[in-house]
Number of protein chains: 2
Amino acid sequence: MGATSKWVYDFEEGSAAMKTLLGGKGAGLAEMTRIGLPVPPGFTISTEACHAYQAGNALPPGLWDQALEALRKLERKLGQRFGDAVSPLLVSVRSGAAVSMPGMMDTVLNLGLNEQTVKGLAQHAANERFAYDSYRRFLMMFADIVLGIKKERFEEILTHARGKEKVDREIDLSPAGLQGVCRQIKDLIQAETRQPFPEDPYKQLELAVIAVFKSWNNPRAATYRKQYKISESLGTAVNVQAMVYGNMGEDSASGVAFTRNPSSGDKHWMGEFLPNSQGEDVVAGIRTPHPIDQLERTIPAAFREFKRTCELLEKHYRDMQDIEFTIQKGKLYMLQTRTGKRTAQAALKIAVDMENEGLITKAEAVTRIQPQDLEQLLHKQFDPNAKVQVVAKGLNASPGAASGQVVFDADDAESWRDQGKNVILVRIETNPEDIHGFFAAQGILTARGGMSSHAAVVARGMGKPCVSGCEEMKVDYAKKQFRVGAHVVREGDTITIDGSTGRVVLGAVPMIEPEPTDEFRQLLTWADEYSRLYVRANADTPKNAKRARDFGAVGIGLCRTERMFNDVDRLPVVRQMILAKTTEEREKVLEKLMPMQKEDFRGIFSAMDEFPVTIRLIDPPLHEFLPMKDELLVDVTRMKALGQTGPELDEKERFLEKVMELDEQNPMLGLRGCRLSLMYPEIIRMQSRAIMEAACELTKEGVRVLPEIMVPLVGHPNELREVRKVVEAECQAVMGEHGIKVDYKVGTMMEIPRACLTADMVAEHADFFSFGTNDLTQTTFGYSRDDAEARFFQYYHEKGILKYNPFEILDRDGVGALVKMAVEKGRKTKPKLKIGICGEHGGEPSSIEFFHLAGLDYVSCSPFRVPIARLAAAHAALKEKGATIVSATV
Amino acid sequence: MGATSKWVYDFEEGSAAMKTLLGGKGAGLAEMTRIGLPVPPGFTISTEACHAYQAGNALPPGLWDQALEALRKLERKLGQRFGDAVSPLLVSVRSGAAVSMPGMMDTVLNLGLNEQTVKGLAQHAANERFAYDSYRRFLMMFADIVLGIKKERFEEILTHARGKEKVDREIDLSPAGLQGVCRQIKDLIQAETRQPFPEDPYKQLELAVIAVFKSWNNPRAATYRKQYKISESLGTAVNVQAMVYGNMGEDSASGVAFTRNPSSGDKHWMGEFLPNSQGEDVVAGIRTPHPIDQLERTIPAAFREFKRTCELLEKHYRDMQDIEFTIQKGKLYMLQTRTGKRTAQAALKIAVDMENEGLITKAEAVTRIQPQDLEQLLHKQFDPNAKVQVVAKGLNASPGAASGQVVFDADDAESWRDQGKNVILVRIETNPEDIHGFFAAQGILTARGGMSSHAAVVARGMGKPCVSGCEEMKVDYAKKQFRVGAHVVREGDTITIDGSTGRVVLGAVPMIEPEPTDEFRQLLTWADEYSRLYVRANADTPKNAKRARDFGAVGIGLCRTERMFNDVDRLPVVRQMILAKTTEEREKVLEKLMPMQKEDFRGIFSAMDEFPVTIRLIDPPLHEFLPMKDELLVDVTRMKALGQTGPELDEKERFLEKVMELDEQNPMLGLRGCRLSLMYPEIIRMQSRAIMEAACELTKEGVRVLPEIMVPLVGHPNELREVRKVVEAECQAVMGEHGIKVDYKVGTMMEIPRACLTADMVAEHADFFSFGTNDLTQTTFGYSRDDAEARFFQYYHEKGILKYNPFEILDRDGVGALVKMAVEKGRKTKPKLKIGICGEHGGEPSSIEFFHLAGLDYVSCSPFRVPIARLAAAHAALKEKGATIVSATV
């Protein structure tokens, strides 16, 4: 940029498209000017000038001349002169970056006033009170914002003056009183700055412009930018605009409004105004503003103009607007327009309404909603107005909020629930034995365990709120209480947990109920029209399968067969199976399990009629179905030391012996998944039989069943080859017995790096791939999720080592590289290989975008995230075609 | 192959180069014929004919005509006719695949005999006894090998005949007696096969040829091929050769010999002969053969010819030969030559001698030794002649054999050792507390734990024999005994373990002592001339560093700092450090550890003067330095139940509390490696200081120190970046304090898939990479090594799911793909990046070949494997240039 650079733009020269150069406010003013709305004239000093200022620590050459020239144009337009003692031109000076940002210098009104010009203003307006009120405002704002003297310093002056005249508001002071106030303010300024207040309007303007530029780098703004990842290099523009006055009497006012209701989304403006006031009064809260509709009565012409302007702005911007205006002696002037922030619910309604009104297209409506907006609408939440006392924070393991009385074990949860009580189940950690407690409780709170701990995974699957890994909480089962800091919470005490944020609160908190609206359904139907990925759900029960289908899932991507093992009535049978000493004995017990599993599959297949259901063969290590080792060790040791005998000890010893035999150093990497299937083929023979008998029976009953049998934890193609042999043999046998042909597939989880690295070979034995990104992230990073989240993730996040939790957002560089490699290699072997993902990333928007780009066919997530995934899938497709996802929700 | 295919080759037509077509035996006979040695004429039916036979289950068209034509040529050459009643031509029929293989049909001698021709033979040789002895032999061999009637079935006939004439050997029977035997044999054959014995010599020949072809697929041969990975498609040839007779009297003989001593490698033939015998007699053990040198006295002309032939064969084949010969009436005939099998020690001596003799080049000498041959020479072994009673088998965790009295804890090991006893330490599993027991014991035997269990890794590092994971062994600490099957072994009983094979033997076993010879050193010096990879050692103590240097290591590739923590006098300090409640408290304890670590580094740096030493910062999870959780739980529970109190309980409770706090579900993937360094930077600050103070001090003393500080378990570039900051700051500080500049590097282990996938980014912060292929294999496969080896590897191996253990031999498809990717990406960022490997694969030949091909700079392995790695590195380079590695060791 040389001396010829253009730094200054009249409002007539700009437009909405020039937001980067002129900032949001400047572009809005220019656009409104361009479309003929009543905007007081002015000009914008560009963001490029801000960069130049930052670089040289001085206004760049040429800027001031251009600003003066623009000021001259203003003077000519309005027939007033800046600094004129008779009819002085006054201006406002306001900052405006491309992204709105708190902490920046905001607004100086009435700039240009001094001892001379204030008199001219008084004479010209024939209103001395107005003139000195304006002067007082200007002095205070200038002192605050430009000279750095906090407003509170002037409070004493104002209090004293009001007391003397016995009035409540400055505006009611006598002109003489106001004059006195102005004098005292100037004296204070001189005392503070050891310089007289700058009387020269040009000096005032220069100082104000520099103050705006400097404020770009003030600590609060810098912190905000860092937090919200706003580029340092954006810079701010400065808007200099001729003043209009809302404080010229009762036919004058200032106000703010939304063109639609930002809470509900209703198609009716909503706003407030204050007669005889200037801008900041409305938001300052000193006087109570009036609802905008009262304007119809008090200044009807301005109200008509306001309505017309709202309509025009919405048509023009094709979105709900947040505006500022001033009415000067009955005439409306627009000072700002921008996209209005709104609640998630409002965002949905506005998007759908605007499509219906023909303002926006379906695709635009879809891009107007963020996936997290939907999440808000699907779970109970704390009432945002409620005052809450957060006593601890854990992991946001399963979203939604719940209140209830604290109980410390699953049996209590059940019996209290049966007495009609709402309970929160609090445990150090949970295991399959607690499962009935999950059903009974409103929510689950654990001291240990990460985002994939038993508690977290089960709660998410059930859609129950859960806060896990709340390490500050010290649970004492014996005393039936937990301690957190100074608080002791006893059994029966009421607490509230917020699984969306991890907060734990004492007492009950008022909630907002979720309510999927017609707009909710409408928008998702539109979203599906744009998606390339389709969305399945992870569901293990007929109930969840139905729920998933209600939410729009077009199949089950992950049905965990072992979840069924954890049912209260089945666990003893499963344990018998594990304790079996011979294959024959085990097969006998499996015969008992088979009809139970078959019933589950019948339910799920029926619920998913015509949609595919992916069933994963047994995955977890067997010890997970037994009591925990530490507890058994302690119990057995104690009972023996005390010389106790009897059947209880016998059983515990039997369990302990088996648990010790099954004990592994790193069970995550041990005997589980297909390794278990290979060692105990009788288990998957039973599961294959249960699947196929259900499928054959239902096929006869007219249900269309599409089972996809999925082999977990494959790392070597031979593992899949061998498991497949067992499964195929059993499936063929069952179909033979029933004389029915079922359209089934056998495929594999991709959750081990080696499977991805050799995906071309794995694909030879697979009808489909489904990425298990939880395990794949664990092995790719070498993190045990539970351990990592409890031990060092917090630290890693603070130190910036990990920018995000890779178990929540897919790690594209590492895990993503394996996913891409696997897709490419798998499709090299089988070009039409069906590929999906059923890890938790399947419900996370940024990860879904990655899966879309990587060419997957579908994502699968928990039923409650299906709507979110559907929207994210649509966004991914639309973004690929160049669309921007805009968020205007608060 | 049509009707024109050539199936039959005269010996004159073939050569050594035609081994695939003619089989090893056929090619050897052809080659000897070609170079003018006295070989009875004959022809070979090719391996292609074998394929054709297998494909069509019949001799292919044209074969029989070609065979008859070749037979005609034989007749013309020898002036005898096949089936002639006056002077019959007899032949031997022998199988011969390209690879020698037990279980195949072997030899039929004297084929062509029948009731007519035997008389002709008797008349022509003027020796009736010879003729009927030959007939008897033929009938028995034919019956056994072609008709499938086991030799033993004839035993009664022979016993009866010998008894009747009161002689010990068949050869001493009267002609009439022999005739009677032949008749009885033929009767038995008829009774068994329900067909008369085939009198027609052509039928005999046809049946014999078909029997050879069929034997290719007999179960024993098929099993052998599978086990030794010999291709099914090789097939066998059939050699038809004119008979010469070693059973024509005392001037006739048959014999076998080696051209050099196959045990010691001494340059002197070694062999045996039996006068008046046919081939199989020498090896059958019925008569005791004479040492070959006696031939000089008994048949001197044949002996002279034998010596000349040995020399000629060695010059021709340029290797030690294993030959078969027959002497017929004073004249030597050669029946077979092949490369002679030899012991490892002989292989070494022969290779080096032959280079010295100018027979072979250095490169050839190097390719003549297999890496495993060297291993044999480096460890004590069971005397191969000893009879051993193997009572159990575990994992071959650390090679070598050891005998000693059983003790069950480390303290006992120490006190018994102090009483001058040799002990074997037997534990269920070991932990750092047992370390003094390792030093005291001759060998270690554990019931649990895989190839990378504590016991295995520590034992290998010390070069002590170890058998781990011997699951059949049930150890009872309380009774101080273990049970294995029916055997009970008590404290003090002597056992022997073989860590090279995993065998556990009751009692002491005679051993062979290892003895690296001059040839050993010579050959490795030659090997180094061809290697591109250089070899470092993994060593944690000055003693091991010295040993490594003696074995030819040119640096330390892995010095595990935490190993030093396990010393008896340091462990209490390390535990204090872990129990510390604040950073300050921990720093205080670390100050005590620093001088100890510094001393170790001084020792190692001094031993490695001028060579680089790679020091890995603390890696294992902290709980590994504390007593085991299960034991603490049991002890504390019991003591409390019994109402005990006191300092012992207090300490155990303190440990237990910490152990529970540190407890992780999957410690392999938990808080360890650089994660630990980041959470407790004070530990690595201490370690960096110890390294650099040692380096600075020694530099002043004139030692050239090249420390390479290595960060373990990096998965994300930011982890390395942050650790590096801490290390660099401390190193710079120490160098500043000493006023010394040390040439140090900071690099990273590559042992997490993600590090490999993002190696370009990791390289930005690394001066070097060193692959940790143990952990990389664990994470790439998703296997916890200990768990996998104990639980399912055996099964995987049996089922052919894994062809080999990927923790022993690098998995090229999966782990190798990551290694290659990391090398490529790392060098994209830093073209000269130094890259090595310090996992256990660094000492495994096939893996070393891979690392050579992947472009690594060095491999590092345990000191005892350095010679093996040096040889393997040379082999890799030579193979890349087209050399073949030949193994002739038994």
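Residues numbered from 1 in each chain as written. Chains lettered and ligands numbered in written order. Predicted model: local features only at pLDDT ≥ 70, side-chain atom pairs only at ≥ 80, totals over all residues. Heavy atoms only, no water.

A.B. asks: Honestly, the overall build of chain A in this entry has me stumped. Any pointers?
C.D. replies: Scanning chain A from terminus to terminus reveals 36 helices and 33 strands. Along the longest, intermediate and shortest principal axes, the C-alpha atoms of chain A span 110 × 65 × 55 Å. For chain A, with 890 residues in total, the buried portion stands at 60%. Sequence-distant contacts in chain A: of pairs separated by 6 or more residues, those separated by 24 or more amount to 70%. (Helix = DSSP H or I, 4+ residues; strand = E, 2+ residues; numbered from the N terminus. Buried < 20%, exposed > 50% of the residue type's maximum accessible area, 1.4 Å probe, protein only. Contact = heavy atoms within 4.5 Å.)

A.B. asks: Sorry, what's going on with the interface of chain A and chain B here?
C.D. replies: Interface size is commonly expressed as the accessible area that is lost once the parts come together. Every contact between the two is made by 59 residues of chain A and, on the other side, 59 residues of chain B. Both sides of the chain A and chain B interface together cover about 5200 Å² of buried area, and 57% of this is carbon and sulfur. The three residues of chain A that bury the most area against chain B are Leu 669, Arg 754 and Arg 791 of chain A, which together make up 12% of that side's buried surface. Notably, a salt bridge pairs Arg 791 of chain A with Glu 664 of chain B, separated by 3.8 Å at the nearest N-O pair. For the pair chain A and chain B, the number of links is 36 residue pairs in polar contact (both at pLDDT 80 or more). (Buried area = accessible area lost by both parts, 1.4 Å probe. Salt bridge = Lys/Arg side-chain N within 4 Å of Asp/Glu carboxyl O. Polar contact = N/O pair within 3.5 Å; in protein donor to acceptor, adjacent residues only side chain to side chain.)

A.B. asks: What exactly am I supposed to notice about the sheet that holds strand E5 (residues 91-97) of chain A here?
C.D. replies: Adjacent strands of a sheet pair through backbone hydrogen bonds, lying either parallel or antiparallel. All names here are of chain A. Spatially, the five strands line up as an open sheet ordered E1-E2-E7-E5-E6, and their pairing is antiparallel. Strands with a single pairing partner mark the edges of an open sheet, and in this sheet they are strand E1 (8-10) and strand E6 (107-111). On average, each strand axis in the sheet is tilted by 20° relative to the strand beside it, whichever way the strands run. Here E5 runs beside E6; their pairing, made up of three bridges, is antiparallel. By the bridge assignment for E6, Val 91 is matched with Leu 111. Sitting on the sheet, helix H8 (residues 201-215) touches strand E2 (42-45), E5, E6 and strand E7 (236-242), and the angle it makes with E7 is about 150°. (Pairing = 2+ DSSP bridges. Axes fitted to C-alpha atoms, helices over the stretch in contact; angles between N-to-C directions.)

A.B. asks: How do you make sense of the environment of Ala 508 of chain A when you look at a structure like this?
C.D. replies: Inspection of the secondary structure puts Ala 508 of chain A in the loop between strand E24 (503-506) and strand E25 (511-512). In this view, Ala 508 of chain A contacts Ser 403, Thr 494 and Thr 496 of chain A; residues no more than four positions away in its chain are not counted.

A.B. asks: I keep staring at the packing of aromatic side chains and nothing clicks. Help me out?
C.D. replies: Residue and element names in this part refer to chain B. What the rule picks out here adds up to 46 aromatic pairs over all chains. Ring centres of Phe 601 and Phe 605 lie 6.2 Å apart, and the angle between their planes is 25°; this geometry places the pair in the stacked category. Taken as a pair, Phe 601 and Phe 605 lie in helix H23 (residues 583-607) at a separation of four residues, close to a single helical turn. Judged on exposure class, the residue Phe 601 and its partner Phe 605 are both buried. Between Phe 781 and Tyr 783, the ring centres sit 4.9 Å apart and the planes meet at 20°, which makes this aromatic pair stacked. (Phe/Tyr/Trp six-rings, centres within 6.5 Å; stacked < 30°, edge-to-face > 60°.)

A.B. asks: Just to check I follow, could you spell out the relation of the copies chain A and chain B for this structure?
C.D. replies: The operation relating the two chain copies consists of a rotation about an axis and a shift along that axis. Placing chain A over chain B gives an RMSD of 0.6 Å and needs a rotation angle of 178°, together with 0.3 Å of translation along the axis. In symmetry terms, the pair is related by a two-fold rotation axis. A shared interface surface links the copies, since 100% of the contact residues of chain A are contact residues in chain B too. (Least-squares fit on C-alpha atoms with pLDDT ≥ 70 in both.)

A.B. asks: Explanation requested: the nonpolar core in the structure shown.
C.D. replies: What tends to happen in soluble globular proteins is that the nonpolar side chains get buried as a cluster. Within the largest apolar cluster, 286 residues are counted, with the highest numbers of intra-cluster contacts made by Phe 605, Phe 771 and Leu 856 of chain A together with Phe 605, Phe 771 and Leu 856 of chain B. Leave out the neighbours within four places in its chain, and Phe 771 of chain B touches Met 750, Cys 756, Leu 776, Val 819, Ala 822, Val 823, Ile 835, Gly 836, Ile 837, Cys 838, Gly 839 and Leu 856 of chain B. (Core = buried A, V, L, I, M, F, W, Y, C linked by side-chain atoms within 4.5 Å.)

A.B. asks: Sorry if this is basic, but what is going on with the packing of helix H4 (residues 117-125) of chain B against helix H5 (residues 128-146) of chain B here?
C.D. replies: Packed helices, taken two at a time, are described by the angle between their axes plus the distance between the axes. Residue and element names in this part refer to chain B. Axis separation between H4 and H5 bottoms out at 7 Å; the angle between their running directions is 145°. Crossing angle aside, the handedness with which H4 passes H5 is right-handed. Contacts between H4 and H5 pair Val 118, Lys 119, Leu 121, Ala 122 and Ala 125 from the former with Glu 128, Phe 130, Ala 131, Tyr 132, Ser 134 and Tyr 135 from the latter. Residue classes in the contact of H4 with H5 are distributed as eight nonpolar, one polar and two charged. (Left-handed = near helix turned anticlockwise from the far one by under 90°. Nonpolar A, V, L, I, M, F, W, Y, C, P; charged D, E, K, R; others polar.)

A.B. asks: I would appreciate a short explanation of the sheet that holds strand E5 (residues 91-97) of chain B in the present structure.
C.D. replies: Residues and elements named next belong to chain B. Strand order in the open sheet formed by five strands is E1-E2-E7-E5-E6, and the pairing between neighbours is antiparallel. Only two strands of the sheet have a single neighbouring strand rather than two, namely strand E1 (8-10) and strand E6 (107-111). The average undirected angle you get between the axes of adjacent strands in this sheet is 20°.

A.B. asks: Would you mind going over the pairing of strand E16 (residues 401-407) of chain B with me for this structure?
C.D. replies: Residues and elements named next belong to chain B. Counting buried residues in E16 gives six out of seven residues, a clear majority hidden from the surface. By the bridge criterion, five bridges tie E16 to strand E23 (residues 494-498) in an arrangement that is antiparallel. Across the sheet, the residue bridging to Ala 401 is Asp 498, located in E23. Where E16 lies against strand E17 (residues 423-427), three bridges are found, and the strand directions are parallel. Of the residues in E17, the one forming a bridge with Gln 405 is Val 423. The β-α-β motif built from E16, the intervening helix H16 (residues 410-418) and the parallel element E17 has right-handed crossover chirality. (Right-handed = clockwise from strand over helix to strand, strands pointing away.)

A.B. asks: Explain the pattern of salt bridges to me, please; I cannot follow it from the model alone.
C.D. replies: Note that side chains of opposite charge can pair when their charged atoms are close. The tally for this structure, following the rule as stated, stands at 136 salt bridges over all chains. Here Asp 600 of chain A and Arg 570 of chain A are joined by a salt bridge, their closest N and O atoms 2.3 Å apart. Here Arg 570 of chain A lies in the loop between helix H21 (561-565) and helix H22 (571-579) and Asp 600 of chain A lies in helix H23 (residues 583-607), a separation of 30 residues in the sequence. Given a relative accessible area of 9%, Arg 570 of chain A falls into the buried group. Asp 172 of chain B is the partner of Arg 169 of chain B in a salt bridge, and the nearest nitrogen-oxygen pair spans 2.9 Å. Note on Asp 172 of chain B: relative accessible area 30%, which makes it partly exposed. A single network of salt bridges, built from pairs that share partners, joins Lys 598, Arg 602, Arg 689, Glu 693, Glu 697, Glu 701, Glu 730 and Glu 737 of chain A.

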